[in-house]
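Overview (structure and organization)
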Amino acid sequence: MPLALLALAVGAFGIGTTEFVMMGLLPDVADDLHISIPAAGHLVSAYALGVVIGAPLLAAVTARMSRRTVLIALMVLFVVGNALSAFAPGNGTLLAARFLSGLPHGAFFGVGAVVATTLVAPERKARSVSLMFLGLTVANIAGVPVATLVGQHLGWRATFLGVSLIGLAAIAALAALIPHDHTHASATGLRGELAALRSVPVWLALGTTVAGFGALFAAYSYITPMLTDAAGYADASVTLLLALFGVGATIGNLLGGRLADHAMRGTLFGGLASLAAVLLLFPLLMRTQTTAALAVALLGMAAFVTGSPLQLMVMEKASAAPSLASSANQAAFNLANAGGAWIGGLALAAGFGTTSPALAGALLAVLGLAVAAVAYAVDRRSPHEGRVVAAHVPHEQHTLHH
């Protein structure tokens, strides 16, 4: 695997850290800015809104630019957003800075996934995407806990300065390691990229992402009360247990990439079925501390097995104009985050019990399986339906694979 994938992983590590660290810093930010915890929670929503808006918008605007240039520019925007967060004088400014920080998130992963697949031989495409996503999963093991500790001991502003430094390191790595000859824009340009979003198979793939990762977030959003109220863990143990989720997600991500190169559909169906099974078992697994810890790791593993095949499926259905569709998949991921948390909350509010969000997530995983099955049926009936076909073979397909 080429070193250029390391540059993408460094960027993904910084993005993953800044996305999730705010949850652990909410009390510190609220105290410092003299706002309530719920008001501080809007900072999480502002970032997610930036991702959903920025992913398709920035991918569309930069459709004809060199992808290497786009990746570097997106990380510059990421650094600016996090630096502004560090120096924000009040809640309003911080909200705007968090929104700005979220804008490059989806487009970076979307364009980065396209670049990753051009750097390797065709039979290693899914693995190359999984190695980029490795930065995101490792962020949950190391980046978020360390950044949270930094914020608690040196102040939350120091955390965002640290994340800005990670962004600068990513810019240097991208500039040094991403070769120019692998990053030409699609020959179809903006018109071709937009045409990808008129494809039924692309929308079915995006729907599978929303349902599948909605299943994850329905449970994960309420994992702390499950671990403390149902499994009997102390609050202080939760951070370590969430690192177990990151370990599971990392293993699942690497496993999914390797398996998807051999059988993309089979890996997707197997991952969604495994996710549904794990979530159905959550009420039983949360009865003891040992099995609860196992459940957290299995949840991360089952969910992230599907990450690479989903990303690759969207890109393949968009054919020669994959950047916008690939970025839209990241917007779908964040919609899944918000929607899954909302559905899990409905189960809790209805009085179905502490572990009920996991059962709601199991239903979403089954829905994801159903959508994936429809996508498979459509693909078998008309394999080329909705594909965007370039007028000629893009330059990147002529390059030698390393």
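The numbers attached to residues start from 1 for each chain and follow its sequence in the written order. In keeping with the predicted nature of the model, local features appear solely for residues at pLDDT of at least 70, side-chain atom pairs appear and are counted solely at 80 or more, and the whole-chain, interface and lining totals rest on all residues. Note that water and hydrogens are dropped before the side-chain values are worked out from all heavy atoms of the structure.

1. So, the nonpolar core
Across soluble globular proteins, nonpolar side chains show a tendency to be buried alongside one another. Among the nonpolar cores identified, the biggest contains 95 residues, and Leu-8, Leu-174, Leu-216, Phe-282, Met-286 and Leu-299 are the most heavily contacted of them. Tallying contributions element by element places helix H8 (residues 200-220) first for this core, with 10 residues. Residues within four places of Leu-299 in sequence aside, it is in contact with Leu-216, Ala-219, Tyr-220, Phe-245, Leu-275, Val-278, Leu-279 and Phe-282. Put simply, a nonpolar core is a bunch of buried Ala, Val, Leu, Ile, Met, Phe, Trp, Tyr and Cys residues held in one set by side-chain atoms that sit within 4.5 Å of each other. Exposed residues in this analysis have more than 50% of their type's maximum accessible area, buried residues have under 20%, and partly exposed residues fall in between, with area computed by a 1.4 Å probe over protein chains only. Core analysis: the second largest hydrophobic core is formed by 15 residues, Val-29, Leu-43, Ala-88 and Leu-94 among them. What counts as a helix is a DSSP run of H or I of at least four residues, what counts as a strand is a run of E of at least two, and both are numbered from the N terminus. Whether two residues touch is decided by their heavy atoms; if any such pair falls within 4.5 Å, the residues are in contact.

2. Comments concerning the packing of aromatic side chains
We call Phe, Tyr and Trp rings a pair once their centres come within 6.5 Å, taking the six-membered ring for Trp, and we label the pair stacked below 30 degrees between planes, edge-to-face above 60, and tilted otherwise. Tallying each qualifying case throughout the model produces 9 aromatic pairs. An angle of 85° between the planes, with centres 5.5 Å apart, marks the rings of Phe-217 and Phe-333 as edge-to-face. In this pair, Phe-217 is assigned in helix H8 and Phe-333 in helix H14 (residues 322-349), connecting sequence segments 116 residues apart. Residue Phe-217 shares its accessibility class with Phe-333, and that shared class is buried. Taken together, a centroid distance of 4.2 Å and an interplanar angle of 25° make the contact between Tyr-220 and Phe-245 stacked. Here Tyr-220, found in helix H8, pairs with Phe-245, found in helix H10 (residues 238-260); they are 25 residues apart in sequence, far enough to count as distant. Of the aromatic side chains, those joined through ring pairs into one cluster are Phe-213, Phe-217, Tyr-220, Phe-245, Phe-304 and Phe-333.

3. Side note on helix H1 (residues 4-33)
Residues spaced three or four apart along an α-helix face the same direction, because each turn holds 3.6 residues. Each helix should span, by expectation, one fewer than its residue count multiplied by 1.5 Å. With 30 residues, H1 ought to run about 44 Å at 1.5 Å a step, and its terminal C-alpha atoms sit 40 Å apart, in line with that. The reported bend at a residue is simply the angle between two axes, fitted to the 7 residues ending at it and to the 7 residues beginning with it. Of all the bends in H1, the greatest reaches close to 65° and is centred on Leu-25; the proline Pro-27 follows between one and four positions later. Burial of H1 is extensive: 21 of the 30 residues sit out of reach of the surface. Among the residues trailing H1, His-34 stands out with phi positive, at a value near 60°.

4. Brief notes about the packing of H8 against H14
Following both chains from N to C, one finds H8 and H14 inclined at 35°, their axes separated by 7 Å at the closest point. With respect to the hand of their crossing, H8 and H14 are arranged in right-handed fashion. The segment H8 lies against H14, with Val-202, Leu-206, Thr-209, Val-210, Phe-213, Gly-214, Phe-217 and Ala-218 engaging Ala-325, Ala-328, Asn-329, Ala-332, Phe-333, Ala-336, Asn-337, Gly-340, Ala-341 and Gly-344. All axes here are fitted lines through C-alpha atoms, helices being fitted over the stretch that makes contact, and every angle between N-to-C directions spans 0 to 180 degrees. For any pair of crossing helices, the crossing counts as left-handed if the nearer helix is rotated counterclockwise from the farther one by less than a right angle, and right-handed if it is rotated clockwise.

5. Some details on the packing of helix H5 (residues 125-154) against helix H13 (residues 307-317)
Put simply, H5 and H13 touch, their axes get as near as 9 Å, and they point 120° apart. By the angle between their axes, H5 is oblique relative to H13. The hand of the H5/H13 crossing is right-handed. Contacts between H5 and H13 pair Lys-125, Ala-126, Val-129, Ser-130 and Phe-133 from the former with Gly-307, Ser-308, Gln-311 and Leu-312 from the latter. We call Asp, Glu, Lys and Arg charged. Ala, Val, Leu, Ile, Met, Phe, Trp, Tyr, Cys and Pro are nonpolar, and the rest, Gly among them, are polar. Across the contact of H5 with H13, the residue classes break down as 4 nonpolar, 4 polar and 1 charged. For classification, angles of less than 35 degrees are called roughly parallel, those exceeding 145 degrees roughly antiparallel, those between 65 and 115 degrees roughly perpendicular, and all remaining angles oblique.

6. Concerning the side chain of Ser-101
Mapping Ser-101 onto the fold places it in helix H4 (residues 91-118). When its relative accessible area of 0% is taken as the criterion, Ser-101 is described as buried. Looking at Ser-101, its side chain comes within polar contact range of the main-chain nitrogen of Asn-82, at 3.4 Å. Here Ser-101 is in contact with Tyr-47, Phe-78, Gly-81, Asn-82 and Ser-85, once residues within four sequence places are set aside. Throughout this description, a polar contact denotes any pair of N or O atoms lying within 3.5 Å of each other; where both atoms belong to protein, one of them has to be capable of donating a hydrogen while the other can accept it, and for residues adjacent in sequence the pair is counted only when both atoms sit in side chains.

7. Some thoughts on the side chain of Thr-148
Checked against the element boundaries, Thr-148 lands in helix H5. Beyond its immediate stretch of four places on either side in the chain, Thr-148 contacts Val-21, Gly-24 and Leu-25.

8. Some points on the pattern of salt bridges
Between side chains of opposite charge, a pair can form when the charged atoms approach closely. One speaks of a salt bridge when a side-chain nitrogen belonging to Lys or Arg is within 4 Å of a carboxyl oxygen belonging to Asp or Glu. Tallying each qualifying case throughout the model produces 3 salt bridges. Of the charged contacts, one joins Arg-127 and Asp-261 as a salt bridge, the two residues approaching to 3.2 Å between their closest N and O atoms. With Arg-127 in helix H5 and Asp-261 in the loop between H10 and helix H11 (264-285), the pair connects residues that are 134 residues apart, well separated along the chain. Overall, Asp-261 belongs to the buried group, its relative accessible area being 17%. The partner of Arg-265 in a salt bridge is Asp-379, and the shortest N-O contact between them spans 3.5 Å. Pair noted here: Arg-265 is in helix H11 and Asp-379 is in helix H15 (residues 356-381), with a separation of 114 residues, a long-range link. Each of the two residues, Arg-265 as well as Asp-379, counts as buried.

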